[in-house]
Structures are given as C-alpha cells and as structure tokens.
Amino acid sequence: MNQGLLTIIMLIFSNVFMTFAWYGHLKLSEMKISTGWPLILVILFSWGIAFFEYCLTVPANRIGFIGNGGPFNLMQLKVLQEVISLTVFTCIILFLFKGQHLQWNHIAAFACLVLAVFFVFLK
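Residues numbered from 1 in each chain as written. Predicted model: local features only at pLDDT ≥ 70, side-chain atom pairs only at ≥ 80, totals over all residues. Heavy atoms only, no water.

K.L.:
Got a sec to walk through the pattern of salt bridges? Specific residues and values, please.
P.N.:
What the rule picks out here adds up to two salt bridges. Between glutamate 30 and lysine 27 there is a salt bridge, with its nearest N and O atoms 2.7 Å apart. Taken together, the positions of glutamate 30 and lysine 27, both in helix α1 (residues 3–30) and three residues apart, correspond to about one turn of that helix. Judged by its relative accessible area of 44%, glutamate 30 is partly exposed. With a closest N to O distance of 2.6 Å, glutamate 82 and lysine 78 form a salt bridge. Remark: lysine 78 and glutamate 82 occur in helix α3 (residues 74–96); sequence separation between them is four residues, near one turn of the helix. A residue is classified by how much of its surface remains accessible, and lysine 78, at 46% relative accessible area, is partly exposed. (Salt bridge = Lys/Arg side-chain N within 4 Å of Asp/Glu carboxyl O. Helix = DSSP H or I, 4+ residues; strand = E, 2+ residues; numbered from the N terminus. Buried < 20%, exposed > 50% of the residue type's maximum accessible area, 1.4 Å probe, protein only.)

What follows is the structure, given as structure tokens:
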C-alpha cells in the first residue's frame, strides 16, 4: 500500500480514538453512565482510549514523514492531521450528539482548512 494513503488511513482511525477519548465521556455522562464517576476515573478512561490513538498516530507520522521515505514533510503532516481531526470530530459529534448542528460559520471554517491543505502542498 502507498505510504501516503496508509498514513491518511491510520490518521483517520487514530482520530476516531482521539475523539472518543476527548469527548466520549461527555456522551457517557449524557447517557447517565458516568455521572457518578470521579474525575480521575474519567481521565483514566480517556487515557485508556487515547493509548490506541497513539498506537496509530505515532507510526502514521513515521511512515508518512519524508525523512523516513514517506511523501509528507512535517508541515504537511500537521495540516493533514488537523483537517482529518476536524472532519472525524464533526462526523462523530453530529452522529452521537443530537443537539449539535452544523452552521454556516462551521462550513466556512472547514473551507479555510481545505485552503490550508491546498497552500501547504503548494511547491
């Protein structure tokens, strides 16, 4: 498989774990599952999920980095990561949190991020 594509796929999956690590506890609280948990338990729960994020993010960056034979420089990796992160976040939040809506300013922000990707890949 192409190193660039593998990097992007791994970053997508790592961001699914990241979104659940950072925001999943809010859904558990909303569902009345974790409302009585002490903060330290919520943190440990989130760290447990984030472990899998790191298991994908670190190798994705190593595989994709131009210094290791990949196609992306550090700036490109970072901008890709941010766009993937926001895209995954938006999909998950719109699906899981029913009170959240996509508004015009969110779409404008995404357009700016797409432009960021365009500009970071310009030679």
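K.L.:
Which residues make up helix α2 (residues 39–64), and what are the values?
P.N.:
Structural remark: α-helix, 3.6 residues per turn; residues separated by three or four positions point the same way. Between its first and last C-alpha atoms α2 spans 36 Å; for 26 residues at 1.5 Å apiece the expected length is 38 Å, and the two agree. Listing the buried residues of α2 in full gives Val42, Ser46, Ile49, Ala50, Glu53, Thr57, Ala60 and Gly64. The secondary structure elements touched by the buried residues of α2 are α1 and α3. (Expected span 1.5 Å × (residues − 1). Contact = heavy atoms within 4.5 Å.)

K.L.:
Quick rundown of a nonpolar patch on the surface? Include the residues and the values.
P.N.:
Residues Leu39, Ile40, Leu41, Ile43, Leu44 and Trp47 make up a contiguous nonpolar surface patch of roughly 630 Å² in combined accessible area. Relative to the elements of secondary structure, leucine 41 occurs in helix α2. Judged by its relative accessible area of 37%, leucine 41 falls in the partly exposed class. (Patch = residues over 30% accessible without salt bridge, like charges linked within 9 Å, V, L, I, M, F, W, Y side chains within 5 Å. Areas by Shrake-Rupley, 256 points an atom, 1.4 Å probe, with all protein chains shown as cover.)

K.L.:
Tell me about the packing of aromatic side chains, and please be specific about residues and values.
P.N.:
This model, assessed by the stated rule, comprises seven aromatic pairs. Ring centres of tryptophan 37 and phenylalanine 45 lie 5.5 Å apart, and the angle between their planes is 70°; on these two criteria the pair is classed as edge-to-face. A relative accessible area of 31% places phenylalanine 45 in the partly exposed class. A ring pair is formed by phenylalanine 118 and phenylalanine 119, whose centres lie 5.3 Å apart and whose planes are at 70°; its orientation type is edge-to-face. Look at phenylalanine 119 and you get exposed, because its relative accessible area is 52%. (Phe/Tyr/Trp six-rings, centres within 6.5 Å; stacked < 30°, edge-to-face > 60°.)

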